[in-house]
Amino acid sequence: MNQVLTAKLKLLTTPEQFQALRQTQLAYRDALNYVSQYSFAHGKKSNQQWLQRECYDEIRVRCGLPAQMACNVPRQVGATYKGLWTKARKNAEQRKAGRTKKRFKGLDQAPHYVCPTLAYNFHRDYSLKGGQQVSILTLGGRVIVPYTGYHKHVALIERGAKIGAAKLWYDKPKKRFYVLISLEVEVADPTPQTHQRVIGVDVGQRYLAVVGRLDNGASFFAGKEVRAKADRHASQWAFAELHGFLAYKALLSDSMAVKVDADYTSQACPTCGYTCEANRPKKGLLFECQNCHYTLHADLIGARNVALRTLLLRQDWMSTGVLSVRPGASSPDTSDREAKAARLLRYAELRWSPDASPAPSGLGSN
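So, how was this worked out
- Residues numbered from 1 in each chain as written.
- Predicted model: local features only at pLDDT ≥ 70, side-chain atom pairs only at ≥ 80, totals over all residues.
- Heavy atoms only, no water.
- Pairing = 2+ DSSP bridges.
- Helix = DSSP H or I, 4+ residues; strand = E, 2+ residues; numbered from the N terminus.
- Axes fitted to C-alpha atoms, helices over the stretch in contact; angles between N-to-C directions.
- Parallel < 35°, antiparallel > 145°, perpendicular 65-115°, else oblique.
- Contact = heavy atoms within 4.5 Å.
- Nonpolar A, V, L, I, M, F, W, Y, C, P; charged D, E, K, R; others polar.
- Expected span 1.5 Å × (residues − 1).
- Core = buried A, V, L, I, M, F, W, Y, C linked by side-chain atoms within 4.5 Å.
- Buried < 20%, exposed > 50% of the residue type's maximum accessible area, 1.4 Å probe, protein only.
- Salt bridge = Lys/Arg side-chain N within 4 Å of Asp/Glu carboxyl O.
- pLDDT = per-residue confidence, 0-100.
- Phe/Tyr/Trp six-rings, centres within 6.5 Å; stacked < 30°, edge-to-face > 60°.
- Lys NZ or Arg CZ within 6 Å of the ring centre and 35° of its normal.

**Overview of the sheet that holds strand β1 (residues 2-11)**
- The strand order across the open sheet built from seven strands is β2-β6-β7-β1-β5-β4-β3, with neighbouring strands paired in antiparallel fashion. In the strand order of this sheet, the two ends are held by β2 (118-120) and β3 (126-129), each with one partner. Strand-to-strand twist across the sheet, computed as the mean angle between neighbouring axes with direction ignored, equals 35 degrees.
- Across nine bridges, β1 lies against strand β7 (residues 176-186) in antiparallel orientation. Within β7, the residue paired with leucine 9 across the bridge is valine 179.

**Quick notes on the packing of helix α7 (residues 298-320) against helix α8 (residues 337-347)**
- At their nearest, the axes of α7 and α8 sit 10 Å apart, and the two run at 110 degrees to each other. Between α7 and α8, the angle falls in the class roughly perpendicular. Between α7 and α8, the residues in contact are Arg309, Leu312 and Asp316 and Leu344, Arg346 and Tyr347, respectively.
- Residue composition of the contact of α7 with α8, grouped by class: three nonpolar, no polar and three charged.

**Examining helix α1 (residues 15-41)**
- For α1, with 27 residues, the first-to-last C-alpha span of 39 Å sits near the 39 Å given by 1.5 Å per residue.
- Two residues or fewer after α1 comes glycine 43, characterised by a positive phi angle close to 90 degrees.

**Description of the nonpolar core**
- Core analysis: the biggest nonpolar cluster contains 55 residues, and Leu11, Leu65, Val73, Tyr120 and Leu168 have the highest contact counts within it.
- When sequence neighbours within four positions are dropped, the list of residues in contact with valine 73 reads Tyr28, Ala31, Leu32, Val35, Ile59 and Leu65.

**As for the pattern of salt bridges**
- If you walk through the whole model with that rule in mind, you get seven salt bridges.
- Between lysine 340 and aspartate 263 there is a salt bridge, with its nearest N and O atoms 3.2 Å apart. Remark: aspartate 263 occurs in the loop between α6 (237-252) and β11 (286-288) and lysine 340 occurs in helix α8; sequence separation between them is 77 residues.
- Its relative accessible area of 15% is what places lysine 340 among the buried residues.
- Take aspartate 263: its relative accessible area is 22%, and that puts it in the partly exposed class.
- Measuring nitrogen to oxygen at the nearest pair gives 3.5 Å for the salt bridge that ties aspartate 299 to arginine 280. Of this pair, aspartate 299 sits in helix α7 while arginine 280 sits in the loop between α6 and β11; the two residues are 19 residues apart in sequence, bridging distant segments of the chain.
- For arginine 280, a relative accessible area of 13% puts it in the buried group.

**Here's the deal with α7**
- With 23 residues, α7 ought to run about 33 Å at 1.5 Å a step, and its terminal C-alpha atoms sit 33 Å apart, in line with that.
- Across the 23 residues that make up α7, a large majority, 18, are buried.
- Following α7 by one or two positions, glycine 321 adopts a phi angle in the positive range, close to 80 degrees.

**As for the confidence of the model for the chain**
- Looking at the chain as a whole, its pLDDT mean stands at 86, while 88% of the residues score no less than 70.
- Model confidence for the chain, summarised as mean pLDDT per element, is weakest for helix α5 (residues 224-232) at 54 and strongest for α1 at 97.
- Of the regions scoring below 50 in pLDDT, residues 327-331 engages in five contacts with residues more than four places distant in sequence or in other chains.
- Here residues 356-366 is a poorly scored stretch, pLDDT under 50, and it has 30 contacts once near neighbours within four places are set aside; other chains count.

**As for the environment of leucine 308**
- Its location among the elements puts leucine 308 in helix α7.
- Each C-alpha atom, one on leucine 308 and one on valine 198, is 8.9 Å from the other, the two residues being 110 residues apart in sequence.

**Remarks on the packing of aromatic side chains**
- Scanning the entire structure with this criterion turns up nine aromatic pairs.
- Summarising the aromatic geometry, the rings of phenylalanine 18 and tyrosine 170 are spaced 5.8 Å apart at their centres and angled 65 degrees between planes, so their arrangement reads as edge-to-face. Taken together, the residues phenylalanine 18 in helix α1 and tyrosine 170 in strand β6 (residues 162-171) connect sequence positions 152 residues apart.
- Judged by relative accessible area, which is 17%, phenylalanine 18 ranks as buried.
- Look at tyrosine 170 and you get buried, because its relative accessible area is 13%.
- Aromatic pair tryptophan 169 and tyrosine 178: ring centres 5.4 Å apart, planes at 35 degrees, arrangement tilted.
- When its relative accessible area of 26% is taken as the criterion, tryptophan 169 is described as partly exposed.
- When the ring centre of tyrosine 178 is taken as origin, the NZ or CZ atom of lysine 8, which lies over that ring, is 4.6 Å away.
- Sitting over the ring of tryptophan 50, lysine 45 keeps its end group 4.1 Å from the ring centre.

**A look at the environment of valine 187**
- Looking at the secondary structure, you find valine 187 in the loop between β7 and β8 (199-203).
- With 64 residues separating them along the chain, valine 187 and leucine 251 place their C-alpha atoms 8.5 Å apart.
- Residue contacts for valine 187: discarding those within four places in its chain leaves Met1 and Leu251.

Structure, rendered in structure tokens:
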């Protein structure tokens, strides 16, 4: 199967190259905001072809963008508006159904682009050279810049991984440029025999991740920085990004990451199965089962329940030969309600053993 990774390459620029890249980024951002305002003033249109016809010549003159960059801008703005219209329609449906009273305000004004991240197309406006160098387009033409990167990513590039689109990203605090390149690599299809060890990972804000292992071990990773980012951008983007990181880091370690239903993972007692909100008083960090009085860190409870559900998934995989939730697939949270209800019913039968390598009720040993 094929898996898409993102290689983060640090550019070793000269002062002149740095200025050329920075000017290009800022001009690209100006073009994005111009097209965004134009779309807003003409019915908040998301049609990328229409935006290109209307704005292409103007942004080339106004911002000095090369041809391919001038084509990328309307595409990016159109995609932004398309996403906002999708959210607006979903919000309207939820309000009509009485599930929320809040009105989506994302289209009340034109989206404003602050981050000057710049999109590049492989071969058209950037390419990779020998000796760990990248040729990249600027307002004044191409510059050839040496780069460094994670050794496994560099090895994949050198071995001929399929190269895709890239983004030029500026780390403002460190005043450094990075190229984020999409790599498509072919990996062997996973089997139950090649993937036998199971862990559960619960993600959150107070702890970035809590890992529950089948030998009753655990690891906690602080999440203060992620919570600050989530609060500052008023979104949960950091956790979607984390899921992506887990997927490709697992792949680089000859493993894989799958996402199971998260419903009630921090409210369900893994030892007796009793589930209720009161098991987690005030949604705090302490879990105390109101039935059997089992007590543990609430996030670790979540991680253990995730591990149990993954064991069940693996049991089905062994018996059918098909992994129902494939790496990189959409979350099972988005599947139809009847199928999800059936899964949750099966999860309710799982139990965590106090012994090492617990075998859930109805499941064989791993």
